[in-house]
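As a plain string of letters, each chain reads:
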Amino acid sequence: MRSSGINQVRPRNKYELMIDLRRFGEPRLRGKYLFLSRIKSGRLRDLVDYLHWRLGGYYSTSIGVDERPLDGYFHVYHVFVLEEYGVYVLVDLIADPGHPVVESITPVVPAANWAEREIMDFIGVKFRGHPEPHRLILPDDWPENVYPLRKDYPYDDKLPTSDKIAKLVRESSPATWEPEAPGDHTVIPVGPYHPALHEPEYFELFVEGEKIVDARYKGFMVHRGIEKIAESRLSYNQVSFIAERICGICGFTHSTAYCQAVEEAAGIDVPERAEYIRSILLEIERIHSHFLWMGVAFHLLGYDTGFMIMWRLRESIMDLAEELTGSRKMYGANIVGGIRDKWDIRDDKAALIKRMLDEIREEYLKYIPKIISLEEIKKRTRGVGVLSRSDARKYSVLGPHARASGIKTDVRKYRPYAAYKYVNVEIPVLDDGDIYARMIVRHEEILASIDLIHRLLDNIPKTPLHADTSYIPERRHGIGCTEAPRGEDLHFVITGRDNKLYRWRPRAPTYNNLLSVPAMLRGEYLADAPIIIASIDPCFSCTDHVVVVDLRSGRRRPLRTRGVVGGR
Amino acid sequence: MKLYRRSLWVFHLNSGSCNGCDIEILNALAPRQDAERLGVKLVGSPRHADAILFTGPVTREALPSVVRAIQAVPEPKIVLAVGACACGGGIWHDSYCVLGGIQGLYRVLKSMGVAPPKTIYVPGCPPKPEAIIHGIMLARGLAGQRQARSEYFEEQGPAVKAEEDLHRLFHKCFPGRLPPKTARVEWGVTRY
């Protein structure tokens, strides 16, 4: 009998869940991972609906893997996080290489849109029933039927840049270039090089008078082929360094998430001291990232004194990082299985760090409470760019952005990793959902992080710094999650042979948060657009995706390559 | 070397960098280092700039915009390639969708018939703000060059040497015969 799942008894633990999921396919439980393969025909969307909307889980990401050398098929894994059961459900779909088509889940879970299009670009698996099967990441002059993440494509095969680019450069001089406007709205192009943006991203804002009615954005200018490089020419321990280069602001959290994923896959237990050092460095990174955000936010609000104060204070944090790791950024401390020897925190250094932190805290409290209680700041940020709690759930936003909209979420607290298992993490949650709330959440997080580093330094145990990693089994799946300064950061790995990864897929938090930007921009003043975009703390080098959203109809269209020089 | 006499107005051009160098550039202009005391000013449009602070390995997607931004800077112009990626492609140098730093970009410019501008290299991943300021001072003729040209050849690893020794021994024992083909031993796991 085909039951819909509504009248069923809700499974109480992961074992009952596994038995329950036999309705849809063949479940297999391995630790935290529940693999579901051989999905019965026509039941995929029911399954996704059940996992995402009924069981209280949420869709995280999708990964396409070319496993033809191993079993002759392309695989697509949809990852669902079920915090209540403590498992990740991996829905494993198989596509025949002769006719690589699988069913799309985007009609049921809209958040899967980008991830599925990414797989179409990189692996060449088509999704049946996808609402907009267009190219997402690869440049427009990339040839059809060339899929870079297939195993038979060499990582260093530089296709010659076509004449199209030279033609494009010649033809698209500013005098002849006009963006197409829907209806009779005025179009304001922002980017890719613009004083308000520090990264190459391109926005088009459609305005009626001073009000924004529509917004488009385009990214993927920072696609550097990191996954392919890691799978082709780097060993396990080298990937943790390239993972740090995903982002120059929150790099260490990426490298930690990667190491955790491999450790999960190989069953390596990280020594406690390494976990503490990882957590301390992660918190330092969070503080400097929030300082940076605050400075940029004040700058965009036209309050440059605040910007200068924040960036002067931030230099002390950079000194702290330099004292601990030898570099201001790109700490280079992580390897699979722990921390490198020279990155140990000795007792004399711990005392120095504590003293420096106290100075930073004192200096910080001298200025910031005064700045954020300024009437001008409040007037520019209160009630601006509001994201309601229900909207935040819809777009499944993460991190401080979600916490400012009243959602209690934090990987550190609810899925603790590293040394957060041993200490209590306070998470500030506000209900207002406006830019001011996001500012206050980050302000409180800075203070909480400083306290947390003190507590971690007090309790740091004496154990070795790294575990033995001489044996990493082949074809194991692992997922590593960390709370980046911007939200949940998820890394998925499949281990391979010859000391190399078979597949690695990082997913940064801005991926989810960016989707909420058009909703916040609608009906706001043009002058507020930069601070609204910046209020999610976007990190494009982490995310890099293209999406075009028509706010009125909610329809999405592709956007062709066009550059516009900033400051026009 | 004195490329520019007066205050240098710079435009910051990110061609697909990870943000590390970009934040360090802003740090150089922030109160601690305060590059503005040297007459350096960050401008919003390439048309107002004398020099480009160039970061990133030049991705294919960003290429058209990067070329146009560089062309928009009036002559005479200077390019400061900031960071390992801009200097030579960095860790991405041979990736399929990266042109490989500023040299790759200049190859495209040459194919379009544009002469590449004078370039100062500031290596580092990311370079410290002091290094970026040193690059700017170099352009102004206020500081001297720190590094001379040197060439680097990778030494052959122990596995290769062992293989060669084996071949020499084989030739000694069986003169005139080709040695059997052996699979080259890969370097072992890097130890930290």
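Residues numbered from 1 in each chain as written. Chains lettered and ligands numbered in written order. Predicted model: local features only at pLDDT ≥ 70, side-chain atom pairs only at ≥ 80, totals over all residues. Heavy atoms only, no water.

## Things to note about the overall build of chain A
Filter applied, for reference: We count a stretch as a helix when DSSP gives it H or I for four or more residues in a row; a strand needs E for two or more, and each element gets its number in order from the N terminus. Exposed residues in this analysis have more than 50% of their type's maximum accessible area, buried residues have under 20%, and partly exposed residues fall in between, with area computed by a 1.4 Å probe over protein chains only. Residue contacts follow a heavy-atom distance rule, with two residues in contact if any of their heavy atoms lie within 4.5 Å. Every accessible area reported is derived by Shrake-Rupley at a probe size of 1.4 Å, with residue values counting cover from the shown protein chains alone.
Counting its regular elements, chain A contains 20 helices and 16 strands. Looking at the 568 residues of chain A, the share that counts as buried comes to 64%. In chain A, the proportion of contacts linking residues at least 24 apart, taken out of those at least 6 apart, comes to 66%. When the accessible area of chain A is evaluated, it comes to approximately 21,200 Å², of which 49% is carbon and sulfur surface.

## Re the overall build of chain B
Per the secondary structure count, chain B includes six helices and five strands. When its helices and strands are written in sequence order, chain B yields β-α-β-β-α-β-α-α-β-α-α. Residues counted as buried form 51% of the 192 residues belonging to chain B. For chain B, contacts bridging at least 24 residues in sequence account for 75% of all contacts bridging at least 6. Taken as a whole, chain B presents about 10,000 Å² of accessible surface, with 55% of it coming from carbon and sulfur.

## Section: the pattern of salt bridges
Residue and element names in this part refer to chain A. The criterion, for reference: Note on definitions: salt bridges are taken to be side-chain nitrogens of Lys or Arg within 4 Å of carboxyl oxygens of Asp or Glu.
Going through the model one piece at a time under the given rule, you end up with 41 salt bridges over all chains. For the salt bridge of Lys 151 with Glu 231, the shortest nitrogen-to-oxygen distance reads 3.3 Å. Of the two residues, Lys 151 sits in the loop between strand S7 (126-128) and helix H5 (163-171) while Glu 231 sits in helix H6 (residues 226-233), which places them 80 residues apart along the sequence. With a relative accessible area of 29%, Lys 151 lands in the partly exposed category. Taking relative accessible area as the criterion, Glu 231 reaches 8% and is therefore assigned buried.

## Some words on the environment of A:Phe80
All names here are of chain A. Inspection of the secondary structure puts Phe 80 in strand S4 (residues 73-82). Distance in space between the C-alpha atoms of Phe 80 and Asp 498 is 30 Å, their sequence separation being 418 residues. Apart from the residues lying within four places of it in its own chain, the contact partners of Phe 80 are Val 48, Leu 51, His 52, Tyr 58, Tyr 59, Ser 60, Val 87, Tyr 88, Val 89, Val 91 and Ile 105.

## What to know about unusual backbone geometry
Following B:Glu75, the chain continues to B:Pro76 via a peptide bond in cis, the omega torsion being -10°. Looking at the element boundaries, B:Pro76 is found in the loop between helix H2 (63-72) and strand S4 (78-82). Look at the link from B:Cys125 to B:Pro126: it is a cis peptide, with omega at -15°. When you line up the elements, B:Pro126 lands in the loop between strand S5 (118-122) and helix H5 (129-140). One non-glycine residue, A:Ala418, adopts positive backbone phi at about 40°. Topologically, A:Ala418 is positioned in the loop between helix H15 (411-414) and helix H16 (435-459).

## Things to note about H2(B)
A turn of α-helix holds 3.6 residues, and therefore any two residues three or four places apart point the same way. Taken across its 10 residues, H2(B) has nine buried, putting it largely inside the fold. B:Leu63, B:Pro64, B:Ser65, B:Val66, B:Val67, B:Arg68, B:Ala69, B:Ile70 and B:Ala72 are the residues of H2(B) that are buried.

## Some points on helix H1 (residues 20-29) of chain B
Of all 10 residues making up H1(B), 10 are buried, and the element is well covered by its neighbours. Among all positions in H1(B), only B:Gly20, B:Cys21, B:Asp22, B:Ile23, B:Glu24, B:Ile25, B:Leu26, B:Asn27, B:Ala28 and B:Leu29 are buried.

## What about the pairing of strand S13 (residues 477-484) of chain A?
Residue and element names in this part refer to chain A. Condition: Paired strands are those between which DSSP finds at least two bridges.
In terms of burial, S13 is a largely internal element, eight of the eight residues being buried. With burial as the criterion, each face of S13 is covered, one bearing His 477, Ile 479, Cys 481 and Glu 483 and the other bearing Gly 478, Gly 480, Thr 482 and Ala 484. Where S13 folds back onto strand S14 (residues 487-495) in an antiparallel hairpin, the turn is made up of two residues.

## Describing the side chain of A:Glu315
Note the threshold: Throughout this description, a polar contact denotes any pair of N or O atoms lying within 3.5 Å of each other; where both atoms belong to protein, one of them has to be capable of donating a hydrogen while the other can accept it, and for residues adjacent in sequence the pair is counted only when both atoms sit in side chains.
Along the chain, the position of A:Glu315 falls in helix H10 (residues 304-325). In terms of polar contacts, A:Glu315 uses its side chain to reach the side chain of A:Arg328, at 3.3 Å. Excluding its chain neighbours within four sequence positions, the residues that come into contact with A:Glu315 are A:Arg328, B:Asn27, B:Arg32 and B:Gln33.

## A word on the sheet that holds S13(A)
All names here are of chain A. Filter applied, for reference: Working convention: axes come from line fits to C-alpha atoms, limited for helices to the stretch in contact. Angles between N-to-C directions cover 0 to 180 degrees.
The strand order across the open sheet formed by three strands is S13-S14-S15, and the pairing between neighbours is antiparallel. In the strand order of this sheet, the two ends are held by S13 and strand S15 (501-507), each with one partner. The average undirected angle you get between the axes of adjacent strands in this sheet is 15°. Relative to S14, S13 runs antiparallel, the two sharing eight bridges. Along S14, the bridge assignment pairs Glu 483 with Glu 488.

## Topic: the domain arrangement of chain A
Residues and elements named next belong to chain A. The condition is simple: Delimitation of the domains relies on an automatic or database domain assignment. Once two parts are joined, some of their accessible surface, as seen by a 1.4 Å probe, is lost; buried area is that loss totalled over both.
Once the domains are mapped, chain A shows domain 1 (14-136) and domain 2 (226-513). In this assembly, 25 residues from domain 1 lie in contact with 19 residues from domain 2. Contact between domain 1 and domain 2 buries roughly 2,100 Å² in total, counting both sides, with carbon and sulfur atoms accounting for 53%. The interface formed by domain 1 and domain 2 holds four salt bridges in total. Across the pair Arg 415 and Glu 83 runs a salt bridge whose closest N-O atoms are separated by 3.1 Å. Here domain 1 and domain 2 share 12 residue pairs in polar contact (both at pLDDT 80 or more) between them. Breaking the side of domain 1 that touches domain 2 down by element, the ones donating at least two residues are strand S2 (33-37), strand S3 (58-67), helix H3 (68-71), S4, strand S5 (87-95) and helix H4 (113-122). It is S3 that contributes the most residues to the side of domain 1 that touches domain 2, nine residues altogether.

## Focus: the packing of aromatic side chains
This is how the line gets drawn: To pair, rings of Phe, Tyr and Trp, with the six-membered ring standing in for Trp, must have centres within 6.5 Å; the planes then decide the type, stacked if under 30 degrees apart, edge-to-face if over 60, and tilted in the middle. A ring is considered to have a charge above it if a Lys NZ or an Arg CZ atom is located within 6 Å of its centre and within 35 degrees of its normal.
Under the counting rule described, the total for this entry stands at 13 aromatic pairs over all chains. A ring pair is formed by A:Tyr153 and B:Tyr96, whose centres lie 6.0 Å apart and whose planes are at 90°; its orientation type is edge-to-face. With A:Tyr153 in the loop between S7 and H5 and B:Tyr96 in the loop between helix H3 (84-88) and helix H4 (101-111), this residue pair bridges two chains. Accessibility assignment for this pair places A:Tyr153 and B:Tyr96 in one class, buried. With a centroid separation of 5.3 Å and an interplanar angle of 15°, the aromatic rings of A:Phe291 and A:Tyr364 are classed as stacked. On the criterion of sequence distance, the pair formed by A:Phe291 in helix H9 (residues 272-300) and A:Tyr364 in helix H11 (residues 347-372) is long-range, its members being 73 residues apart. Just as A:Phe291 is buried, A:Tyr364 falls in that class too. The ring of A:Phe35 is capped by A:Arg28, whose NZ or CZ atom sits 4.8 Å from the centre of that ring. We note A:Arg224 situated over the ring of B:Trp92; from NZ or CZ to the ring centre the distance is 4.3 Å.

## Re the sheet that holds S4(A)
All names here are of chain A. Taken in spatial order, the five strands make up an open sheet running S1-S2-S5-S4-S3, and their pairing is mixed. The open sheet terminates on both sides in strands that have one partner only, identified here as strand S1 (26-30) and S3. Strand-to-strand twist across the sheet, computed as the mean angle between neighbouring axes with direction ignored, equals 20°. Judged from the five bridges that link them, S1 and S2 form a sheet pairing that is antiparallel. Across the sheet, residue Arg 30 finds its bridge partner in S2, namely Tyr 33. Packing of helix H2 (residues 44-54) onto the sheet brings it into contact with S2, S3, S4 and S5, and relative to S5 it is tilted by some 165°. Contacting S3 and S4, H4 crosses the sheet at an angle of about 10° to S3.

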